[in-house]
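Structural overview for review
Each chain, written out:
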Amino acid sequence: MGKIIELKKVNKWFDKFQVLKDIDLEVAPQEKIVICGPSGSGKSTLIRCINRLEEHQEGNIIVDGTELAENTKNIEKIRAEVGMVFQQFNLFPHLSILDNCTLAPIWVKKLPKKEAEEVAMKNLTRVQIDDQALKFPGQLSGGQQQRAAIARALCMEPKIMLFDEPTSALDPEMIKEVLDVMVDLAKGGMTMIVVTHEMGFAKEVADYMIFMDEGKIVERAKTKEFFENPKSDRTKLFLSQIL
Amino acid sequence: MYGLYPDTEQWRINTAFLILFAVVAVSFFVSEKLKKYFILFLVFVFPFLGIKLISGGSFGLEYVESAAWGGLSLTFIISAFAILFCFPIGVILALGRRSSLPAIKYISIGFIELWRGVPLITVLFMSAVMFPMFLPDGTFIDKLIRVLIAITLFEAAYMAEVVRGGLQALPKGQYEAAKSLGMGYWRMNALIILPQALKLVIPGIANTLLALVKDTPLIFVVGLMELAGMIGLAKTNPKWLGMAMEGYVFAGLVFWIICYAMSRYSQNLEKKLSTER
């Protein structure tokens, strides 16, 4: 199978502090990868590099056959193909949920308004908040907002979805409704890279687990093997603390 | 009301303002869709139409030089033009100051700090007295236009800082979300960032624009007489001797009415645009 994301020897610094050290990573289409690790290990930075919300200084990142480099047009093209869901939802508060979902398809993909609204309603139905379409983000609960954010990303019909700790800012009882949507998405065959501490979710959907610490990929293994038989001591320690 | 504008031609000012009021009044009653065209007309067509009507010089209208313009109509003309143009320039400067391109950033900073650091009176003197000296012989820019440009740029610098305050108040996540959906710089700013930032700073914008209206009397220093200046002139007229107090109270009242109306409008706008966060 071909690769849809390829990272080769990626290095990144914030000033003098090295956040990513020689990261190699390959993702095939439809693969689901969960990245975990202690805070400050560079996992968020890593997925933010994949749609270039952060710049890497060394190495190559190739997404869907296009190398991420200075060229702005390339970056915009890749961002349109890569959906991202943030910890803080980042819905646009001045627009209704429906407008949140149709804005980018209309202005970036140049979809006619009517068609964009159909796509939006389809995706809002999929995340089960179609009845909230005309409300504003401030009127929704955290779980609903995060589902709306997922729908917004899906409206661009991305090939890849990145999740940056999507449930970390949610109340415990709202986590499940968001995870359910993500499981549904995974079963639909989406390529997903998820940074999360939800190990139950990881066990259910992930093909591969990646454990990061201090900017390095410490362990990369099939999900079952990762949980039952981790190789490195650092992974064992981490797992013993969160499970 | 009309200053030194020739009595026989005063209907032209009347017509210009009548058209303005008529268009504004009608625009309150038409549907949202038509309203867009009314606003476009008011912003892009009417100012030039109005000026042409008042200054004349073609279509069989007698030319009236701008030195003869004055009174309340001049107050309106200067305020309206300065507000109209200082706003977009201010927004562009604010974006420029936050640009990642060093050249644009430093030009914006230089421009803002230069205009902000100079008193308006100095700017007016420069535009009226000094500036023509630097022009090559034979070229001539009307004094009113020079003064208008000066006020506009002066206020644009203030506007830029107000808008920048709004830009900085937005969480970084809004920029990232817009980018992650594939929006480029212009779309991101036009669709996501500015609508939110401008809404946040409506009180600050209203503040700046009110100050602008109240600064218009300063143009008397270069010999242009708007409402307050006209009263200063009228009180020396033998017929109005001893009426200075009444005149100035009247001027104060008129300014208060204008400013209070603007302030109410900004409050309404704030209410209308507020969406729960």
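Analysis parameters
Residues numbered from 1 in each chain as written. Chains lettered and ligands numbered in written order. Predicted model: local features only at pLDDT ≥ 70, side-chain atom pairs only at ≥ 80, totals over all residues. Heavy atoms only, no water. Helix = DSSP H or I, 4+ residues; strand = E, 2+ residues; numbered from the N terminus. Buried < 20%, exposed > 50% of the residue type's maximum accessible area, 1.4 Å probe, protein only. Contact = heavy atoms within 4.5 Å. Areas by Shrake-Rupley, 256 points an atom, 1.4 Å probe, with all protein chains shown as cover. Rg over C-alpha atoms; globule rule 2.2 N^0.38 Å. Pairing = 2+ DSSP bridges. Axes fitted to C-alpha atoms, helices over the stretch in contact; angles between N-to-C directions. Parallel < 35°, antiparallel > 145°, perpendicular 65-115°, else oblique. Buried area = accessible area lost by both parts, 1.4 Å probe. Salt bridge = Lys/Arg side-chain N within 4 Å of Asp/Glu carboxyl O. Polar contact = N/O pair within 3.5 Å; in protein donor to acceptor, adjacent residues only side chain to side chain. Nonpolar A, V, L, I, M, F, W, Y, C, P; charged D, E, K, R; others polar. Phe/Tyr/Trp six-rings, centres within 6.5 Å; stacked < 30°, edge-to-face > 60°.

**Quick look at the overall build of chain B**
Each helix and strand counted, chain B has eleven helices and one strand in total. In chain B, the succession of helices and strands from N to C terminus is α-α-α-α-α-α-α-α-α-β-α-α. Counting the 277 residues in chain B, one finds 43% classified as buried. Long-range contacts, defined here as pairs at least 24 residues apart, represent 72% of the contacts in chain B between residues at least 6 apart. Roughly 15,200 Å² of accessible area belongs to chain B as shown, and the carbon and sulfur atoms make up 72% of that amount.

**A look at the overall build of chain A**
In terms of regular secondary structure, chain A is built from nine helices and ten strands. Here the C-alpha atoms of chain A give a radius of gyration of 18 Å, agreeing with the 18 Å that 2.2 N^0.38 yields for 243 residues. If you line up chain A on its principal axes, its C-alpha atoms span 55 × 45 × 35 Å. Classification of the 243 residues of chain A by burial places 59% in the buried group.

**Regarding unusual backbone geometry**
All names here are of chain A. Positive phi, close to 55 degrees, is recorded for aspartate 15, a residue that is not glycine. Mapped onto the secondary structure, aspartate 15 falls in the loop between strand E1 (5-14) and strand E2 (17-27). Of note, glutamate 157 is a non-glycine position whose phi angle comes to about 45 degrees, a positive value. On the secondary structure map, glutamate 157 appears in the loop between helix H5 (142-154) and strand E7 (160-164).

**Describing the sheet that holds E7(A)**
Residues and elements named next belong to chain A. The strand order across the open sheet formed by six strands is E6-E7-E8-E3-E9-E10, and the pairing between neighbours is mixed. A single partner strand is all that each edge strand has here, and the edge strands are strand E6 (82-85) and strand E10 (216-222). If you compare each strand with its neighbour and ignore which way they point, the axes differ by 15 degrees on average. In this structure, E7 lies alongside strand E8 (residues 191-195), joined through five bridges in parallel fashion. The residue bridging isoleucine 160 from the neighbouring strand is threonine 191, located in E8. Each of E6 and E7 is contacted by helix H2 (residues 72-81), which is oriented at about 65 degrees to E6, the strand it contacts most. Across the sheet, helix H6 (residues 172-187) is in contact with strand E3 (32-36), E7 and E8; its angle to E8 comes to roughly 150 degrees.

**Brief notes about the packing of helix H10 (residues 227-234) of chain B against helix H11 (residues 244-273) of chain B**
Residue and element names in this part refer to chain B. Across the interface, H10 lies against H11 with an axial gap of 10 Å and an inter-helix angle of 170 degrees. Judged by the inter-axis angle, H10 sits roughly antiparallel to H11. Between H10, through Leu227, Ala228, Ile231 and Gly232, and H11, the contact on the second element is made entirely by Gly247, Tyr248, Ala251, Val254 and Phe255.

**A word on helix H1 (residues 43-50) of chain A**
All names here are of chain A. In terms of burial, H1 is largely enclosed, as seven of its eight residues are buried. Here H1 has its buried residues at Lys43, Thr45, Leu46, Ile47, Arg48, Cys49 and Ile50. One or two steps after H1, the chain reaches arginine 52, where phi turns positive at roughly 60 degrees.

**Points about the interface of chain B and chain A**
Listed per partner, the contact involves 22 residues of chain B and 25 residues of chain A. Counting each side, the surface lost to burial between chain B and chain A is near 2,100 Å², with a carbon and sulfur contribution of 63%. The salt bridge partner of B:Glu176 is A:Arg48, with a shortest N-O separation of 2.6 Å. The interface formed by chain B and chain A contains six residue pairs in polar contact (both at pLDDT 80 or more). Only helix H7 (172-180) and helix H8 (185-200) of chain B provide two or more residues apiece to the side of chain B that touches chain A. For the side of chain B that touches chain A, the element with the most residues is H7(B), which contributes eight residues. Grouping the constituent residues of the side of chain B that touches chain A by class yields eight nonpolar, seven polar and seven charged.

**Side note on the packing of aromatic side chains**
According to the stated counting rule, one finds seven aromatic pairs over all chains in the structure shown. A ring pair is formed by A:Phe211 and A:Phe238, whose centres lie 4.9 Å apart and whose planes are at 45 degrees; its orientation type is tilted. One end of the pair, A:Phe211, is in strand E9 (residues 208-213); the other, A:Phe238, is in helix H9 (residues 233-242), and 27 residues separate them in sequence. With respect to class, A:Phe211 is no different from A:Phe238; both count as buried. Taking 5.8 Å as the distance between ring centres and 35 degrees as the angle between the ring planes, the aromatic pair formed by B:Phe111 and B:Trp115 counts as tilted. Of this pair, B:Phe111 and B:Trp115 both sit in helix H4 (residues 102-116), four residues apart, which is roughly one turn of that helix. A relative accessible area of 17% means that B:Trp115 is categorised as buried.

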